Amino acid sequence: MSAVPDRSRPPRGKVLVAGIGNVFLGDDGFGVETVRALTGAELPAHVEVVDIGVRGVHLAYQVLDGYDTLILVDATARGEAPGTLYVIEPDGPGPGAPPEAVLDGHRMTPDTVLALLGTLCAGTGGQPPRRTLVLGCEPASVEEGIGLSPPVAAAVPEAVRLIEELLRADEPGESAPRATAGDAAK
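Residues numbered from 1 in each chain as written. Predicted model: local features only at pLDDT ≥ 70, side-chain atom pairs only at ≥ 80, totals over all residues. Heavy atoms only, no water.

1. Here's the deal with the sheet that holds strand 4 (residues 85-88)
The strand order 2-1-3-5-4 describes an open sheet built from five strands, whose pairing is mixed. Taken across any chain shown, the strands that pair with only one partner, and hence form the sheet edges, are strand 2 (47-53) and strand 4. On average, each strand axis in the sheet is tilted by 15° relative to the strand beside it, whichever way the strands run. Sheet topology places strand 4 next to strand 5 (residues 131-137); four bridges connect them, and they run antiparallel. The residue bridging Val87 from the neighbouring strand is Leu135, located in strand 5. (Pairing = 2+ DSSP bridges. Helix = DSSP H or I, 4+ residues; strand = E, 2+ residues; numbered from the N terminus. Axes fitted to C-alpha atoms, helices over the stretch in contact; angles between N-to-C directions.)

2. Description of the side chain of Asp28
By secondary structure assignment, the location of Asp28 is in the loop between strand 1 (15-20) and helix 1 (30-38). With no salt bridge to any partner, buried Asp28 finds its closest opposite charge in Arg36, at an N-O distance of 12 Å. Of note is the side chain of Asp28, whose polar atom sits 2.8 Å from the backbone nitrogen of Asn22. With near-sequence residues (within four places) excluded, Asp28 lies in contact with Ile20, Gly21, Asn22, Asp74, Ala75, Ser141 and Val142. (Buried < 20%, exposed > 50% of the residue type's maximum accessible area, 1.4 Å probe, protein only. Lys, Arg positive; Asp, Glu negative; His and termini not counted. Salt bridge = Lys/Arg side-chain N within 4 Å of Asp/Glu carboxyl O. Polar contact = N/O pair within 3.5 Å; in protein donor to acceptor, adjacent residues only side chain to side chain. Contact = heavy atoms within 4.5 Å.)

3. Quick look at the confidence of the model for the protein
Counting all residues, the mean pLDDT for the protein is 77, and 66% of those residues have values of 70 or more. pLDDT under 50 marks residues 93-106. Its contacts with residues more than four places away, or in other chains, come to 13 contacts. Low confidence marks residues 170-186, where pLDDT is under 50. Its contacts with residues over four positions away, or in another chain, come to 32 contacts. (pLDDT = per-residue confidence, 0-100.)

See below:
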């Protein structure tokens, strides 16, 4: 008797978790610090964790390697208390990046990268990720300086936990709770 594969669940595709930010601008380094903390965790083989930092062009080309899910980890100002975490699923690329931003490697923000993916995929025959999630953290300060503020630093372990939860979910983001790090910051 041979084993019959379970076709009721689709196979998991590759997942890219990308830490974004500038470690020289205080809390903007949240994404980088979070993926550094995540590198010590045991993750499934289909998950790749990278420190992108400010290299948006590298992110754009890495995504062309064929990921099913992209999780961007970044400082995200939305007006809440510093250290508040957000799990955001963008509807799709925004209204398009200005042409000069697409050509300027120093201004490749995550929004610009997502807007550029369609063009890059069309030119290479690749496919953009089926799903993109952003795990954001409300910064206290993005002024020049190295190191995270206390509430943002306290949110890093919770962010790692949330990423692990997203990776365990059948459909990342669907069942994930809205995240706040208010308790972590106390």
